[in-house]
Amino acid sequence: MKTKRLVIMLCCMIFPCWMMAQTRLITGTVRNNSGNVVPAASVLLKGTSNGVSADEAGRFSINVSGKNPVLVISSAGFGSQEISVGSADDYNIVLNGTGQLEGVVVTALGISRKERSLGYATQQIKGENLTLTKEQNVLGSLAGKVAGVQVVGASGASLGGTQKTKIRGVNSLNGNDQPLIVVDGTPISNSNFGNSNGNGPDLGNVAQDINPDDIESVNVLKGPAASALYGLRGQYGVILITTRKGKRGAKKIDVQYSSAFSIEKTGNFLPLQDIYGVGNNQTFLVLANGDKYVNGNDESWGPKMDGTPVRMYYSFYPQDAEFGKLTPFIPHPDNVKDYFRTGFNIVNNIAVSGGNENMSFRLSYNNAYIKGVMPGTSLTRNNIGLNSSLDITKKLTAGANINFANNKATRPSQGYQGTATGQVQWFQRNIDMNRLKNYRYADGTIMNWNVNPNTTTGIITNNKPSDWNNPYFDAYANSNDDNRDRIFGDINLSYQVIPGLKLAAFLRSDMYTQNISHKEALGGRLDEGYSVTKYQNKEFNYEFLAQYTKLFGQVSFNANVGANKYTRNVSSVSGATVGGLSSPAFYSLAGSVARPNLSSFILNKEIRSVYAMASFGYRDIYFLDASIRNDVSSTLPVQNNSYSYPSVSASFVFSELTKWKPLSFGKLRASYAVAGGDVDPYQTRNTYNVGTVYVGPTATINTLSVPDRLNNAGIKPSFGKALETGVELKFLNNRLGIDFTYYIQRNENQTIELNVSGTSGFATTVANAGLIENKGIELSLTGTPVQSKFFTWNTTLNFARNRSMVKELYPGINVYQLDNNVYSSVPIFLNAAVGKPFGSLVGQAYLRDSATGQIKLDAANLPLFETNHDFGTVLPKFTGGFLNSFKIWKFDLNAMIDFQSGGQFFSWTKMLAIKSGQAEETAALNDKGVNVRETPANGGGVRVDGISNATGLPVTAYVDARSYFRNTIGTRIYEEWLFDASYIKLREVSLGFNFEPAMLKKTPFKTAKLAFIARNPAMIWQKAPKGLEPSELSYGSGSISWLEKGEFQTVRSYGVSLNLSF
Amino acid sequence: MKKIHLFIPILFAGLLLLGSCKKFTEEDNTDPNRPTKASGTQLIANAEMFLADMSSSPFGVHYPQHLSNTSFTDNSRYTTIYFNFYGWYAGPLMNLETALNSTLDANEGPIVNQQAVAKILKAFIFWHMTDRWGDIPYTEALKGAANFTPKYDKQQDIYNNLFQLLDEANAAIVTGNIKNDIMYGGDMTKWKKMGNTIHMLMALRLSKVDPVKGAAEFIKANNNGVMAANTDNFAYPHLADPANENYWYNQFTRLGRNWFAVSKPLVDYMKPLDDPRLPVFANKNTAGNYVGLDYGLPGSTTVVINNYSLLGSGLRLQNSPVYLVTYAQALFAKAEAAKLGWIAGADVTAKTNYDLALEQSIRQWNNNDISGLPLFKSHVEVQYDPLTAIKQIATQRWVHLFLNGYEAWAEWRRTGYPALVAAPGANGNQIPRREGYPVQERSNNTANYNAAVGSFPYGGNDDLNARVWWDKP
């Protein structure tokens, strides 16, 4: 008794709860007349102010008292219904009415809310819309489906590569503004183990461990108001994923099976010339014996491929069948294309779900296999998911959501000197790709094209390629292997103390072990070697939540108080051999010839938080929410590590007050919120770096050095402040819907690694700097233009426009370098400069005459350049998507289009294809109809128009093509290699057929659907030239996608999928 | 009653979480992956690892035309204009500055000696930098958060500061070796000579602009004791270890780049003189001859590598040392100073030092083998001639400084010898006279950058053609 009193007292201290004498507990489920649950209905004890609201599953519990109590159950769009409470404790309530089921969305901390009560923008997508075409990375399938969410993907050739998500533009100076991913309330890691420099394999973001077939719905919380309760981890928005669960109710078992098979083909190749072959001038080289030959040069500025008999690379290998032979010098127009193969993708998923009155259960297994379009690459993934919950007693419920994922791949490298992506950059147009396929001779010698013969003997003496391996050697002998085992999910207990008051405790975790290794075989450009990294990540959230809901007549009240302890522990060990391997193909650190490079890494972080939230509603028309949170983070200096931040939001469902028939729903909303942020660990105290060890003849010297980054013991937390307002309108029985949001967000005091003048002794310093302002609008239009028995057309158009502006940086510093790229010692910088849009590109441009804008030319009539030209922002003007679904008789047709306007990117591939004389335009006809490769004296040359820098007079001249393309614009004029990133892309198409139950009578199936699916079938329009892919610029962990330096070839896939339920 | 008990653990867990909001300590956020302490000599040793870069550069080696490019000739055609000096400041100089400003450990050798070595290295690196870029941040540099935008000091002031730094080092050195020294194994007598030798070479650099100051500093340094044998040479000892290997080994062998041939001007000068160093500097071509490659060819010219002499194999072994400051340099300097009248003895002293310089240079390059010396010296052109002494000294120093491109380039700018012709059509047919500042300075340190460029001693733009202070036209 004592304990009970104590507990009740405690509860009364936390919540204003009114205890009643002589009460008993009644439970029930609210459904509509077709048997579907009606979530969030109001349940009121008639004649009192005692009421509760049902949960998302339609369930409620309420204390009743008095004689012959009557419950009044109502929900918007349905009539209200009265039920006399008899002796039974549990009631099934059926509401009549034709009203649409009212939307209930999952919000922060897993709290289900009526959509109408929210004072901020969220957008929800159903799971079936994410798996239209079986896209395997759930973030990739969000592209275009949510207004204000920009997804920049990677080619399918990367095998589950990076899908970079940004909500409402760029909100952080360092660009690390990826939203938090939450699965059934558990925040999970979305790290990326790819290189940030765009080289090597793209391992993708690890949110791809979520099984897309397990997803019930995805809800995107876009601004701080929506995500304030996730604290700093949610400051850039939250993607809440709710998985499918078993259903409570009468005992029932469902079995779902789905399978999909698609073929993967490469597309969108850069147009190349087929006239001139290898060399840096048009004269053939000659061996001592008089034979014409071509060497291992990687430029195609050479002689015409006119069939002249020449010695090619293979003829210099005595092991080769054509050793010493002359073969015709001819083009191989498809040599780049020939490297790729047809891949396939096969996904199978089976799920068993069921439940009874007091438990629910779902178990699923998913297996995916991709054979990559690049030789030697593949990916295998397995997912097991288990969701269950059990009522231990009427009040106590235990649950568990456990996901296991395994991901194993052999991936291609991208970027400069990667596998096969290099053949567009530097290569010989005269090489037959198929001739390179058998890359190893019987005696073990590797056949290389990028090597030179001894001109006297005609034999290759130095078989080490200068810059490029045989691509098949890279594909089959030098592999990038990775695998990851992961478990994430939660176990939970919840207790319904009294009606309306629920206490819950959760233990949430996300644990994975990532292994990454690389083998470099003997005979290539680099030393034989092996490198391996083992990385272990453990995140735990210990969470407590008390929820209280109550109806007082017309007033609804909801309060939540919670506490959370978050811990993250990372440990990794990595090593790489040095100086070769002691025994061929002995891929082990123990095989290192010299002292191997070894390192270990530990990271520990902890955040302790408390938070509270209250919301009030009046007549289901007026709503007001407020929240407050305090975080204490281990990564901030002790004096600054505790900080609080509030949010407040309101909504007004004005349609309830108007009688205008066509308006079925109308709501105004507004919110103001602050979200705080900490920093990554270990940036407050200075330490030293471990330098190279000098293992000298007399002594071993362990050197240490001062790091280039200056840490800061005075760092403060950063805050994002957002003001948001919006309107939501539905017309004509919800046939037409408009959702509009305007927001302004100011992110202050960002902790960044500020680039400082190296002359200070440091390259960067950790500093609180800056104010970025984002303003934007989001518009989502939904409509059902046609609705009939045989034909229904549903359409959704999402549109978002965001402007990021850098308002302040740091005293005395007006430019923050976000990123840079250097080729051939010429840099281009991605900067955030005060007073300019975020992410401006600065680099070398044509020197132009200020009066006429004409290009200035030097004495040789080649264009001059200027440094530090501001090319403007790389961020898009607007983004969006257009989803159409048609139901025609038994057929479903879905088509997803996404688009982007503006933004720009720098393309190495295009620059190098021109520089190396491979691109089509380097051997085009000039305006005299003569090939530009011919000498200007013979009517050839590239026509250049401009103004002479010396005389100031206009000049029209014809200049040598190689001097122009290779040495001038390809080296110095970066303006030429910036391309507008606007595009309209058909991303997904599916055409399905739903079998009628009657057709399935003689089968064991309850439902069946067969669909033809296509992922990435077409780029409808793009501003950038053919061969470049503006929607697939992501690689690895780099934060802003602005650089293309050898991206994978676009992959288009076409297949069939089958869904069955038993 | 029993049921009520069930939720107590949940509530209790919640209260525990609520109550756990205590503060963290500084230790919780100290990086466990990096050391919090570094000894002075470990920092100095790390700074020493940058020294080879002063010589081993694919840019410096081209300005004085020691090497020509067989392919990818951009570097020999001066296409790079702006060079980044941030690595020197944030790398070795910040290590040295930290050692100079921290409490040193006497267990690693006399503290004054540790400081003296740090000062000598600091002076050596700043000297190299100011000779490349001219005016650079010095007095306000390396202050960390106290000054992220240091002003640029005049080269003249930097030279004066460096002379003073070397004076302090020379005066401070006591008996007793230091630990963790890659260059001299901690031998302080060698460090003392090294400090005074660079002091002397720096003094000579003022011959065009301020001979009075130059002569005074020269005499002082010479009197303090300079290098007296090739064993005193300051050379980076590379190892047969990928972590500490020679740059040219990396280029030729590891990367397979046969891109560097000995240049035609150098071979054409050395070959008629039967210079015994030529077989060290250059390999024979396939036909068995020493043939230098034309300097600064446009990239469209096909070079058949077999026809030319590539960089000598012995200079590009994995552990080939890199000579930075040498005894023969000191001898050439003394010869020139005597000829200029800075030190006593005029032509007699000049000849003595010049002859000894030739011998010691050959001993250095040819592993002490001077069998080729008599034939070489039988050529009149190399015999000391009072009428052409400065030219002879400068030209032979140019040969001696082979591969130490930046130093050879500085001496070429100062003396004008040998007469070299710029890469045809490159940089307006001019050989560079300085290197451009890093472009990052325009945004990171705008005001000071603009002030520096606006007050170049002899005008000009921030490019390859403006002159540094001592390079008086």
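Only a predicted model underlies this, so the values are computations on that prediction, with no experimental measurement involved. (Residues numbered from 1 in each chain as written. Chains lettered and ligands numbered in written order. Predicted model: local features only at pLDDT ≥ 70, side-chain atom pairs only at ≥ 80, totals over all residues.)

Looking at the interface of chain A and chain B
Condition: A residue pair is marked as a contact if its C-beta atoms, positioned from the backbone, fall within 7 Å. In this text, helices come from DSSP runs of H or I with a minimum length of four residues, and strands from runs of E with a minimum of two, each type numbered from the N-terminal end. Classes in brief: Ala, Val, Leu, Ile, Met, Phe, Trp, Tyr, Cys and Pro nonpolar; Asp, Glu, Lys and Arg charged; the others, Gly included, polar.
Across the boundary between the two partners, chain A contributes 82 residues, which contact 75 residues of chain B. It is strand β34 (residues 689-695) of chain A that contributes the most residues to the side of chain A that touches chain B, seven residues altogether. Tallied by class, the residues present in the side of chain A that touches chain B amount to 37 nonpolar, 37 polar and eight charged.

Thoughts on helix α15 (residues 389-400) of chain B
Helical geometry: 3.6 residues make up each α-helical turn, so side chains three or four residues apart lie on a common side. Residue and element names in this part refer to chain B. Convention followed: Given the number of residues in a helix, its expected span is that number minus one, multiplied by 1.5 Å. Counting other C-beta atoms within 10 Å of a residue's C-beta gives its exposure: the residue is buried at 20 or more, exposed at 12 or fewer, and partly exposed in between, where C-beta atoms are placed from the backbone.
End to end, α15 covers 16 Å across 12 residues, agreeing with the expected 16 Å (1.5 Å per residue, within 8%). All of the buried residues in α15 are Gln392, Ile393, Gln396, Arg397, Trp398, Val399 and His400. The secondary structure elements touched by the buried residues of α15 are α10 (264-270), α12 (327-340), α13 (346-365) and α16 (405-415).

Observations concerning the domain arrangement of chain B
Put simply, the rule reads: Domain borders in the structure are assigned automatically or taken from a domain database.
For chain B, the assigned domains are domain 1 (40-58 + 83-227 + 434-454) and domain 2 (242-316). Spacing between the C-alpha centres of domain 1 of chain B and domain 2 of chain B amounts to 32 Å.

Comments concerning the pairing of strand β12 (residues 164-167) of chain A
Residues and elements named next belong to chain A. Condition: We call two strands paired when DSSP finds no fewer than two bridges between them.
Residue alternation in β12 divides its side chains into two sets, Lys164 and Lys166 and Thr165 and Ile167, and both sets are buried. Sheet analysis places strand β11 (residues 149-152) next to β12, joined by four bridges and oriented antiparallel. Of the residues in β12, the one forming a bridge with Gln150 is Lys166.

Here's the deal with the confidence of the model for chain B
Regions with low pLDDT carry predicted coordinates that are not meant to be interpreted in detail. Defined as follows: pLDDT gives the predictor's per-residue confidence on a scale running from 0 to 100.
Considering every residue of chain B, the mean pLDDT works out to 94; 95% of them sit at 70 or more. For this predicted complex, the interface confidence score (ipTM) comes to 0.94, while the overall pTM stands at 0.85.

Focus on the sheet that holds strand β50 (residues 954-959) of chain A
All names here are of chain A. The three strands are arranged β44-β49-β50 in an open sheet whose pairing can be described as mixed. The open sheet has two edge strands with one neighbour each: β44 (856-857) and β50. Strand direction decides the pairing type here: strand β49 (residues 942-948) and β50, joined by six bridges, are antiparallel. Across the sheet, residue Val944 finds its bridge partner in β50, namely Ala957.

Quick notes on the sheet that holds strand β16 (residues 238-243) of chain A
In any sheet, the strands associate via hydrogen bonds between backbone groups, in a parallel or an antiparallel arrangement. Residue and element names in this part refer to chain A. So the rule is basically this: Think of each axis as a best-fit line through the C-alpha atoms, taken over the contacting stretch in the case of a helix, with angles from 0 to 180 degrees between the N-to-C directions.
Strands sit in the order β10-β15-β16-β13-β14 across an open sheet of five strands; the sheet is mixed. Both edges of this open sheet fall to β10 (122-126) and β14 (186-188), since each of them pairs with a single strand only. Within the sheet, the average angular offset between the axes of one strand and its neighbour, ignoring direction, is 25 degrees. When strand β15 (residues 215-221) meets β16, the two strands line up antiparallel, connected through six bridges. Counterpart to Ser217 in the pairing with β16 is Thr242.

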